[in-house]
Amino acid sequence: MVVSPLGVYAGVRIVYNRDAGTVHLSQPQILERAAERFFGSGNAIVHASAPAHFDPKIPFGSNFQLATDAEKPSMKEKPYLALLATIMYVVFYTFPSAAIHTAHLCRYMHSPSPVCWDALVHLFRYMFHHRHLGITYRKNFPVPSFTSAPTWPEDPDIFLKNLGIHVWSDATWKVNQAGSQSYAGFYIFMCGATVDWASVLIKVVCHSSAEAEISAACFAGKRLMFLVKLMRELGLD
């Protein structure tokens, strides 16, 4: 294995495996420093058994709420903003799977409740225990196959020639019942891994799930067009 001369850039650890033709990006050091800073070394909250997935008992829905007057004094002692900022930084570079949860928790940053703090800690634990996963780009990436569309892509050669670029988009309709706003998200894949992703609130009120899906597809399409034009400028078309 040959480690890239860059080593660590902007907190991102870069590992280049020449034999396998892969580039791996991860940020374990940032999460390890955050665990020690916010919870102390050996803290049971962080170093307990790793959650394989997000606990459904930790709500990420409409039952989130701002802190009440009685809860605000105790919440001032919690480093909610600092921990959330660390999570946002990692999600931005190497942890796309936590984008939707991070986006939702950001909505309560001005006055988080204890429920929000518990969810934030749970999210950090998940990321901490999976801090070495990161993102791996491959020279020889596989052509994806899906049971719902077994003939896609129609021409695998064109798919491989274009570095396997494709996009997935999705939306949740009225996940926030109080505000009647939906979430839109997307992943853009290239060389077998994600190169762009986002999870945001749709700015308009969607009157149906189909309208929410269309809004998400338009959002993803704009980012995809930007990426395609960037690739052409770099001579990767």
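In this report, we go over the structure that sits alongside the text. All values derive from a computational prediction rather than experimental measurement.

Opposite charge on two side chains permits pairing when their charged atoms draw close. With the rule as written, the count across this model stands at 3 salt bridges. One salt bridge connects Arg-131 with Glu-32, and the closest N-O pair in it is separated by 3.0 Å. Taken together, the positions of Arg-131 in the loop between helix H6 (114-129) and strand E4 (135-138) and Glu-32 in helix H1 (residues 28-39) put the pair 99 residues apart, joining distant regions of the chain. When the shortest N-O distance is used, the salt bridge between Asp-69 and Lys-72 registers 3.7 Å.

Let us look at helix H5 (residues 99-106). With respect to burial, H5 is a largely interior element, 7 of its 8 residues being buried. Residues of H5 that are buried: Ala-99, His-101, Thr-102, Ala-103, His-104, Leu-105 and Cys-106.

For the rest of this paragraph, the subject is the packing of H1 against H6. Running from N to C, H1 and H6 point in directions that differ by 140°, and their axes come no closer than 10 Å. For the crossing formed where H1 meets H6, the hand is left-handed. Counting all contacts with H1, which are made through Leu-31, Glu-32, Ala-34, Ala-35 and Phe-39, the residues of H6 involved are Trp-117, Val-121, Phe-124, Met-127 and Phe-128. Broken down by class, the residue content of the contact of H1 with H6 amounts to 9 nonpolar, no polar and 1 charged.

The rules we used
Residues numbered from 1 in each chain as written. Predicted model: local features only at pLDDT ≥ 70, side-chain atom pairs only at ≥ 80, totals over all residues. Heavy atoms only, no water. Salt bridge = Lys/Arg side-chain N within 4 Å of Asp/Glu carboxyl O. Helix = DSSP H or I, 4+ residues; strand = E, 2+ residues; numbered from the N terminus. Buried < 20%, exposed > 50% of the residue type's maximum accessible area, 1.4 Å probe, protein only. Axes fitted to C-alpha atoms, helices over the stretch in contact; angles between N-to-C directions. Left-handed = near helix turned anticlockwise from the far one by under 90°. Contact = heavy atoms within 4.5 Å. Nonpolar A, V, L, I, M, F, W, Y, C, P; charged D, E, K, R; others polar.

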